[in-house]
Amino acid sequence: MISLGCAKNLVDAEIMLGSVLQRGMEITARAEDADVLVVNTCAFIDSAKEESIDAILEAHQQRGLNRRPNQKLIVSGCMAQRFSNELGQALPEVDAFIGLDQVSELGAIVEQLVAGVGDSGRHGSNITATGIPDAGYSFVTPRPSYIPDYDTPRFRLTPAHSAYVKVAEGCNHPCSFCVIPQMRGKHRSRPVQSVLSEIRGLVIEGVREINLISQDTTYYGMDLWPEKAGARQPIDSARGPTLAGLLREIQKIEGEFWVRLLYTHPAHWSDELIEIIAECDKVARYIDIPLQHIDDSMLERMRRETSRAHIENLVDKLRSGIPGVALRTTFIVGFPGEAEKEFETLLNFIRNTRFERLGIFKYSQEQGSRAANMPNQIPLKVKNARYRMAMSIQQQIAYEIAREKIGSELKLLVDQPHIARSEGDAPDVDARVVLSKTASVGEFVWRRITGSRGYDLLA
């Protein structure tokens, strides 16, 4: 399995591998030994699509070099979901495409491909005379509706002490730059008890970090309300499940662990949610809240359903209501129509707000998105310059924030004997703490910060 893209895609990969193990197959880390190779693709932006195509072609080339002509090549993930028809024509090297609704069925699909048991009634007609699905066969169904349950078999690809828990799938937001709703469907939350059962099981296994993920984590549960909630519906736990209510129940689970919130949309924060995070010591003082821009005209063009006033008020509430919180956000530069004045507004906001963690994306003109057809597309040269300018400002802020930690005592989760992370650092995307004395992997330790090195701390 080669899994590309975000943590949400990684969970899908874990479920696919779980279905393979459930049917008695073996998983190998050596592609040359495998009877089947799966490339789990990403299609969020152009660079991700290019990486996915490169991985597919590399996999096909390697099976030729390794003299494994009978090795099956399956493509899954967002790219397969969105472009399976086009890819079937463009990539005859691929034996089959599976979509997001088939992630729990990979084991059965592999058996069908390897054993040559075709199903001509499936989602296509390109079945050979022998009953074996022909190259480019698509199992993809439109408008995915699948969501995992707590007992869905999984083969975790993360370190033993850290795990991602997908609390919902899909998205209801109309952001003009994004095609995720077209690929992953409408927002659909898992029941509270399903999420709690999965977390209890992970904690029993020794997991010390639970990362809650979805396309829109703050909208969690609202689609399960008896009276359906609108996109800008105020959060109210009295009406049904909410993220605040879920965190309250997670806090009751026995064991030492922290739970981290990723991908929270700014439109769905509530005073109750802020209060719950402040009250629950198992919830990490870390908020991932993609804002994308701050200028009101840009937010309107991006269809973000928020305003500058709302964002500034929310940031103030988060920092005053959750002492010591680390805020991570992302911004897009070079969105169609972004003038120098609007870009300077964004830079000033970055300078003044001083986010602890921040990522910058250059706008990608995504086929099928509303923004792709907007006038005043920004030249790549301008986007590159704005990217470098914004990152330079944030880099200096991050270095200063790191130096301010010197002398403090921090609780750390140990990833490697000499590498740990603080409560304010999510796996894979944030900074590290380099330990002078080794510690046990997967355990919490308290260490005094003695210095900083770029983004990283020394302890």
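Remember, it's a predicted structure, so these values are computed and weren't measured experimentally. (Residues numbered from 1 in each chain as written. Predicted model: local features only at pLDDT ≥ 70, side-chain atom pairs only at ≥ 80, totals over all residues. Heavy atoms only, no water.)

### So, the nonpolar core
Here comes step 1: The biggest cluster of nonpolar side chains holds 56 residues, and the ones touching the most others in it are L212, L246, L247 and W269.
Here comes step 2: Ranked by residue count, the leading element in this core is helix 6 (residues 192-204), at six residues.
Here comes step 3: Membership of the second largest hydrophobic core comes to 32 residues, among which are A55, M79, L91 and C175. (Core = buried A, V, L, I, M, F, W, Y, C linked by side-chain atoms within 4.5 Å. Buried < 20%, exposed > 50% of the residue type's maximum accessible area, 1.4 Å probe, protein only. Helix = DSSP H or I, 4+ residues; strand = E, 2+ residues; numbered from the N terminus.)

### Overview of a negative patch on the surface
Here comes step 1: Residues E50, E51, D54 and E58 make up a contiguous surface patch of negative charge.
Here comes step 2: With respect to the helices, strands and loops of the structure, E50 is situated in helix 2 (residues 46-65). (Patch = residues over 30% accessible without salt bridge, like charges linked within 9 Å, V, L, I, M, F, W, Y side chains within 5 Å. Areas by Shrake-Rupley, 256 points an atom, 1.4 Å probe, with all protein chains shown as cover. Salt bridge = Lys/Arg side-chain N within 4 Å of Asp/Glu carboxyl O. Lys, Arg positive; Asp, Glu negative; His and termini not counted. Charge placed at Lys NZ, Arg CZ, Asp CG, Glu CD.)

### Description of the packing of aromatic side chains
Describing an aromatic ring pair means giving the distance of the ring centres and the angle of the ring planes.
Here comes step 1: One pass over the structure, following the stated rule, counts seven aromatic pairs.
Here comes step 2: Plain terms: the ring middles of Y137 and F139 are 4.8 Å apart, the flat faces sit at 80° to each other, and that makes the pair edge-to-face. Neither Y137 nor F139 differs from the other in exposure class; each is buried.
Here comes step 3: Judged by centre distance (5.2 Å) and plane angle (75°), the ring pair of F335 and Y363 falls under edge-to-face. Here F335, found in the loop between strand 12 (326-333) and helix 11 (340-353), pairs with Y363, found in the loop between strand 13 (357-362) and helix 12 (380-404); they are 28 residues apart in sequence, far enough to count as distant.
Here comes step 4: On the basis of relative accessible area, F335 is assigned to the buried category, the value being 0%.
Here comes step 5: Residue classification places Y363 among the buried positions, given a relative accessible area of 4%. (Phe/Tyr/Trp six-rings, centres within 6.5 Å; stacked < 30°, edge-to-face > 60°.)

### Considerations on the environment of R308
Here comes step 1: Within the secondary structure, R308 sits in helix 10 (residues 308-321).
Here comes step 2: The exposure class of R308 is partly exposed, given its relative accessible area of 28%.
Here comes step 3: Between the alpha carbons of R308 and H293 there is a distance of 8.6 Å; along the sequence they are 15 residues apart.
Here comes step 4: Those residues in contact with R308 that sit more than four places away from it in its chain are I294, D296, L299 and T345. (Contact = heavy atoms within 4.5 Å.)

### Considering the sheet that holds strand 19 (residues 456-458)
Here comes step 1: Taken in spatial order, the six strands line up as 17-14-15-16-19-18 in an open sheet, and their pairing is mixed. In this open sheet, the two edge strands, each paired with only one partner strand, are strand 17 (444-448) and strand 18 (451-453). (Pairing = 2+ DSSP bridges.)

### So, the packing of helix 8 (residues 271-279) against helix 10
Here comes step 1: Packing of helix 8 against helix 10 brings their axes to within 9 Å, and their N-to-C directions diverge by 25°. The orientation of helix 8 relative to helix 10 falls into the category roughly parallel. Judged by the twist between their axes, the crossing of helix 8 over helix 10 is right-handed. Facing helix 8, whose interface residues are D271, I274 and A278, helix 10 presents L314, K317, L318 and G321.
Here comes step 2: Taken together, the residues of the contact of helix 8 with helix 10 break down into four nonpolar, one polar and two charged. (Axes fitted to C-alpha atoms, helices over the stretch in contact; angles between N-to-C directions. Parallel < 35°, antiparallel > 145°, perpendicular 65-115°, else oblique. Left-handed = near helix turned anticlockwise from the far one by under 90°. Nonpolar A, V, L, I, M, F, W, Y, C, P; charged D, E, K, R; others polar.)

### Regarding the confidence of the model for the protein chain
Here comes step 1: Of the residues in the protein chain, 95% reach a pLDDT of 70 or more, and the chain-wide mean stands at 91.
Here comes step 2: Throughout residues 118-132 the model reports pLDDT below 50, and contacts reaching past four residues in sequence, or to other chains, amount to 34 contacts. (pLDDT = per-residue confidence, 0-100.)

### Some details on the packing of helix 6 against helix 7 (residues 243-251)
Here comes step 1: Direction vectors running N to C along helix 6 and helix 7 enclose 35°, while the axes themselves pass 10 Å from each other. Judged by the sense of rotation from one axis to the other, the crossing of helix 6 with helix 7 is right-handed. Here V192, V195, L196 and I199 of helix 6 come into contact with helix 7, specifically with L246, E249 and I250.
Here comes step 2: Residue classes in the contact of helix 6 with helix 7 are distributed as six nonpolar, no polar and one charged.

### Considerations on the pattern of salt bridges
Here comes step 1: Under the definition given, this model contains 32 salt bridges.
Here comes step 2: The closest approach of N and O atoms between E312 and R308, which form a salt bridge, is 2.8 Å. Residue E312 and its partner R308 are located together in helix 10, separated by four residues, close to a single helical turn.
Here comes step 3: Using a relative accessible area of 30% as the deciding quantity, one classes E312 as partly exposed.
Here comes step 4: One salt-bridge network, held together by shared partners, links D12, K166, E169 and R184.

### Side note on unusual backbone geometry
Here comes step 1: Phi at R143 takes a positive value of approximately 50°, unusual for a residue other than glycine.
Here comes step 2: With respect to the helices and strands, R143 occurs in the loop between strand 5 (137-138) and strand 6 (162-166).
Here comes step 3: We note that Q292 has phi near 75°; this positive angle belongs to a residue other than glycine.
Here comes step 4: Along the polypeptide, Q292 turns up in the loop between strand 11 (283-288) and helix 9 (296-302).

### Section: the pairing of strand 9 (residues 209-213)
In summary, the side chains of a regular strand alternate between the two faces of the sheet.
Here comes step 1: The element strand 9 is extensively covered by neighbouring structure, given that five of its five residues are classed as buried.
Here comes step 2: With burial as the criterion, each face of strand 9 is covered, one bearing E209, N211 and I213 and the other bearing I210 and L212.
Here comes step 3: Note that strand 6 and strand 9 share five bridges and pair parallel. Across the sheet, the residue bridging to Y164 is N211, located in strand 9.

### A short note on the state of the cysteines
Here comes step 1: Applying the stated criterion to the full structure yields zero disulfides.
Here comes step 2: Here C6 stays unpaired: no disulfide links it, and the sulfur of C42, its closest cysteine neighbor, is 6.2 Å away. (Disulfide = S-S within 2.5 Å.)

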